[in-house]
Amino acid sequence: MKSKGKDVKLVVRPIIGCLTHTHFWEGPCRAGYKKDMTPEAEKAAADKAFEDAKKVLEGATSEITLLEAVDARYNETFVVPQDVYAQIEERIDEVDFFLCMNWRIPKLERYRKPVVILQNGNEGIDFAAYCRSIGLEAYVAMDIQDLNEIAHCLWVRKAVAATRALVLTTGNTPPFGMQSLIRDPEIIRQRYGMEIIKLPFYNIFPFMDTITDEEARPIAEKILKGSLETKVNKDWFINDIKYYLAAKKMMDVYDCNAFSTACHELCTSEIPQQRKFTPCMCHSLLKDEGIPSGCEEDLNALLAMTIMQYAANRPAFMGNPNHETDEILRIHHAVPALCMNGYGKKPLQYKLWAFTGQGFGGKLQVDFVENDDEFVTLGRFNPAADTICLKVGKVLKSEYQEVYCSPYYYIQMDDARTYMHNLAGFGHHQVLIFGDYMKMLKDIAKVMHFNVLEG
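These remarks concern the structure in this document. Worth saying up front: this structure is predicted, and the values here are computed from it rather than measured.

Scoring rules and cut-offs
- Residues numbered from 1 in each chain as written.
- Predicted model: local features only at pLDDT ≥ 70, side-chain atom pairs only at ≥ 80, totals over all residues.
- Heavy atoms only, no water.
- Salt bridge = Lys/Arg side-chain N within 4 Å of Asp/Glu carboxyl O.
- Buried < 20%, exposed > 50% of the residue type's maximum accessible area, 1.4 Å probe, protein only.
- Helix = DSSP H or I, 4+ residues; strand = E, 2+ residues; numbered from the N terminus.
- Pairing = 2+ DSSP bridges.
- Axes fitted to C-alpha atoms, helices over the stretch in contact; angles between N-to-C directions.
- Contact = heavy atoms within 4.5 Å.
- Core = buried A, V, L, I, M, F, W, Y, C linked by side-chain atoms within 4.5 Å.
- Phe/Tyr/Trp six-rings, centres within 6.5 Å; stacked < 30°, edge-to-face > 60°.
- Left-handed = near helix turned anticlockwise from the far one by under 90°.
- Nonpolar A, V, L, I, M, F, W, Y, C, P; charged D, E, K, R; others polar.

### Some words on the pattern of salt bridges
Thinking step 1. One pass over the structure, following the stated rule, counts 28 salt bridges.
Thinking step 2. We note a salt bridge from Arg-104 to Glu-109, for which the minimum N-O separation is 3.8 Å.
Thinking step 3. According to the relative accessible area criterion, Arg-104 is partly exposed, its value standing at 26%.
Thinking step 4. Its relative accessible area of 9% is what places Glu-109 among the buried residues.
Thinking step 5. Among the ionic pairs, Lys-394 bridges to Glu-374, the shortest N-O distance being 3.6 Å. Of this pair, Lys-394 sits in strand 17 (residues 387-399) while Glu-374 sits in the loop between strand 15 (362-365) and strand 16 (375-381), and the two are 20 residues apart along the sequence.
Thinking step 6. If you follow the salt bridges from partner to partner, you end up with Lys-43, Asp-47, Asp-71 and Arg-73 in one network.

### Some remarks on the sheet that holds strand 10 (residues 258-261)
Thinking step 1. Spatial ordering of the open sheet is given by 8-7-10-11, a layout of 4 strands whose pairing is parallel. Unpaired on one side and paired on the other, strand 8 (195-200) and strand 11 (293-295) mark the two borders of the sheet. When the angles between neighbouring strand axes are averaged without regard to direction, this sheet yields 20°.
Thinking step 2. Against the sheet, helix 9 (residues 234-253) touches strand 7 (164-169), strand 8 and strand 10, its axis set at about 125° to strand 10.

### Focus on the nonpolar core
Thinking step 1. Of all hydrophobic cores here, the largest spans 130 residues; its most connected members are Ile-241, Phe-259, Ile-307, Phe-368 and Leu-432.
Thinking step 2. Sort the elements by how many residues they give to this core and helix 13 (residues 299-312) lands first, with 11 residues.
Thinking step 3. For Ile-241, the residues in contact, after removing those within four places along its chain, are Ala-216, Ile-219, Ala-220, Ile-223, Met-281 and Leu-285.
Thinking step 4. Counting residues in each nonpolar core, the second largest holds 26 residues, with Tyr-74, Ile-92, Cys-100 and Val-115 among its members.

### Description of the packing of aromatic side chains
Thinking step 1. According to the stated counting rule, one finds 18 aromatic pairs in the structure shown.
Thinking step 2. Relative to Phe-259, the ring of Tyr-243 lies with its centre 6.5 Å away and its plane at 65°, an arrangement referred to as edge-to-face. In this pair, Tyr-243 is assigned in helix 9 and Phe-259 in strand 10, connecting sequence segments 16 residues apart.
Thinking step 3. Plain terms: the ring middles of Phe-368 and Phe-434 are 4.9 Å apart, the flat faces sit at 90° to each other, and that makes the pair edge-to-face.

### Observations regarding unusual backbone geometry
Leaving glycine out, the prevailing phi sign among residues is negative, and the prevailing peptide bond configuration is trans.
Thinking step 1. In this chain, Ser-406 is followed by Pro-407 through a cis amide linkage whose omega measures 20°.
Thinking step 2. Relative to the helices and strands, Pro-407 resides in the loop between strand 17 and strand 18 (408-412).
Thinking step 3. With a phi angle near 60°, Glu-296 is a residue other than glycine that sits in the positive phi range.
Thinking step 4. Relative to the helices and strands, Glu-296 is located in the loop between strand 11 and helix 13.

### Some points on the environment of Phe-381
Thinking step 1. Counting through the fold element by element, Phe-381 comes out in strand 16.
Thinking step 2. Note: C-alpha distance between Phe-381 and Phe-450 (69 residues apart in sequence) is 9.5 Å.
Thinking step 3. When near neighbours in sequence (up to four residues on either side) are disregarded, Phe-381 contacts Tyr-192, Asn-300, Leu-303, Ala-304, Ile-307, Asp-386, Thr-387, Ile-388, Phe-426 and Phe-450.

### Here's the deal with the sheet that holds strand 9 (residues 230-231)
Thinking step 1. Spatial ordering of the open sheet is given by 9-14-15, a layout of 3 strands whose pairing is mixed. Each of the sheet's edge strands pairs with one partner strand only, and the pair in question is strand 9 and strand 15.
Thinking step 2. Of the pairings in the sheet, the one linking strand 14 (residues 351-354) to strand 15 comprises 4 bridges and is antiparallel in character. Each bridged residue has a counterpart across the sheet, and for Lys-351 the counterpart in strand 15 is Gln-365.

### Things to note about the environment of Asp-126
Thinking step 1. With respect to the helices, strands and loops of the structure, Asp-126 is situated in helix 4 (residues 122-133).
Thinking step 2. Asp-126 sits in the exposed class, given a relative accessible area of 53%.
Thinking step 3. The spacing of Asp-126 and Arg-104 is 22 residues in sequence and 9.1 Å in space, taken between C-alpha atoms.

### Remarks on the side chain of His-333
Thinking step 1. Here His-333 shows up in the loop between strand 13 (328-332) and strand 14.
Thinking step 2. In this structure, His-333 is in contact with Cys-295, Glu-296, Phe-317, Met-318, Gly-319, Asn-320, Cys-405, Ser-406, Pro-407 and His-429, ignoring residues within four places of it in sequence.

### Remarks on the packing of helix 8 (residues 213-226) against helix 9
Thinking step 1. Helix 9 packs onto helix 8 with a crossing angle of 115° between their chain directions and a minimal axis gap of 8 Å. For the pair helix 8 and helix 9, the sense of crossing is right-handed. When helix 8 is examined against helix 9, the residues Asp-213, Glu-215, Ala-216, Arg-217, Ile-219, Ala-220, Ile-223 and Leu-224 are found in contact with a partner set consisting of Lys-234, Phe-237, Ile-238, Ile-241, Lys-242, Tyr-244, Leu-245 and Lys-249.
Thinking step 2. Taken together, the residues of the contact of helix 8 with helix 9 break down into 10 nonpolar, no polar and 6 charged.

As structure tokens, then:
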């Protein structure tokens, strides 16, 4: 498998600028005491500023790989020495952005790289405004918290661009259950760098045939053992695991790190009936591994899921919305994950029931009231892939249905009626993550250049 999108790192070149002078004088832009303004005193101050800046960077997010910091000193000619530029240019093709600290770096714009200026004052704001005025991407960070928040948005953008989704399709455009689909995957690639690789849905079954019981059984037994209540045919459950392992093998072959598959047409082929499986468990397991995995070839939801999972560092649920009251929305599907509170956090408890009345097709039944945060965020892209509809609410309760799509989650929100009407411009499947990520997703929208409609 291609490395996971969420495993990428931002490569950052810190450049620590400092204006020093060749001799002492005072004037309208320079004043102080001579003892502090000699070349020797300013060199000592610049040495300390350089070391202090490097210490600040010890608090940088782990999403960043920091290259060696460049000590960019220049004098009152405001000309940066060529040997400093030579250091800046090392590994420049790898650099995602320059991190400028303390003083601005004259003529840094020649490299046409994004710039983040970590400086609390006029220098940073002025430099950023200049860069933006000439078409360069620039951000101002007042402190390390700002830097990490800006870097996270840029990291999400890079992670999305590093995502390549295997979408098993019927070839119908759109598929039966998804009239609101983003019909041209090329739009997603051109706007966000995320690739969509479409192949016939039946191409996975030769891969499934290579999965042995010995490969699948330990995974199946572990899931069965962890279940609080099991209502699935245990002998058939291994077929769900074989499909999941087949999806991973197929992603390996096609160098993909996200997944989706047709559903209605897969169902009507009767292959799941013959093989006694459904793809629901595959989606749940992949998401718990940090791999975006969406139902029904729904590229609108898969794009939203990819961005939202990377943003929140946790898997997403997706499902069908229904208006219950003007204050309550219901959403249901059979694809919750267990690490909904975050990767590395305690998994949710679950029951393992069957999707079908015959007893095949495992589905996880989890209680979203176990949310560590009382809020959840819902999102979906429109068919043009340029706008996401977002809404924040609170989970009131969870309910379960013996067969078909379940669990059901009841979400309290203001004006659920208007929200449902807004979805007429977006489509039905909603992606759900635990927590209120409205502000973060708005910040990400700015760097990824998509619009946000607050539902």
